[in-house]
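Architecture at a glance
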Amino acid sequence: MTQARDIQLAERAERIARLMDNSFRVPLTRITFGWDSILGLVPGVGDALALAPSLRILHLSHQAGAPASLRNRMLINIGVDWVIGLVPLLGDIFDLGYKANLRNAALLRAHVEAKALSPEPGPDLTRAASTA
């Protein structure tokens, strides 16, 4: 996977995260919310519907080559958001501050940037030297 492709995947994850967690602002405040909070207001199915974009961000991280440990952290963020979101009112208030999608997009961005800074694996010179 190329570095440019990984950056595109991270940008796509960030767009989804902003839409789900940061699309709207409460007037005269710094409080932001997104479609995740709005869907969470629908009893029963709202939180389940909000899982789809969260899982899409997780899938994008897999496509970008994120290790299992990072994807597990993302799953924990999704799980915390979903479980607490099931609690009426308290879950909706929690969702305003937790913003699991933005957290996960930031994790993916950090992974992609770290991967870009690490040296590319080249030919195995030690093996080539030992066979000569």
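The structure presented is a predicted model; accordingly, all values stated were derived computationally and were not measured.

So, on to helix α3 (residues 46-63). Since one α-helical turn is 3.6 residues long, residues separated by three or four positions face the same way. The terminal C-alpha atoms of α3, which comprises 18 residues, lie 27 Å apart, in line with the 26 Å expected from a rise of 1.5 Å per residue. Residues G46, D47, A50, P53, S54, I57, L58, L60 and S61 constitute the buried set of α3. On its buried face, α3 is in contact with α1 (3-21), α2 (35-40), α4 (68-85) and α6 (100-117). Of the residues one or two after α3, G65 is the one with positive phi, at around 85 degrees.

The contact between α1 and α6 brings their axes to 8 Å, and the two run at 165 degrees. Classed by the angle they form, the pair α1 and α6 counts as roughly antiparallel. Seen from above, α1 lies across α6 with left-handed handedness. Here α1 contributes Q3, D6, I7, L9, A10, E11, A13, E14, A17, R18, M20 and D21 to the contact with α6, which in turn contributes A100, N101, L102, A105, L108, R109, V112, K115 and A116. Residue classes in the contact of α1 with α6 are distributed as twelve nonpolar, two polar and seven charged.

Reading the values: the criteria
- Residues numbered from 1 in each chain as written.
- Predicted model: local features only at pLDDT ≥ 70, side-chain atom pairs only at ≥ 80, totals over all residues.
- Heavy atoms only, no water.
- Helix = DSSP H or I, 4+ residues; strand = E, 2+ residues; numbered from the N terminus.
- Expected span 1.5 Å × (residues − 1).
- Buried < 20%, exposed > 50% of the residue type's maximum accessible area, 1.4 Å probe, protein only.
- Contact = heavy atoms within 4.5 Å.
- Axes fitted to C-alpha atoms, helices over the stretch in contact; angles between N-to-C directions.
- Parallel < 35°, antiparallel > 145°, perpendicular 65-115°, else oblique.
- Left-handed = near helix turned anticlockwise from the far one by under 90°.
- Nonpolar A, V, L, I, M, F, W, Y, C, P; charged D, E, K, R; others polar.

In short, geometric facts, not functional conclusions.
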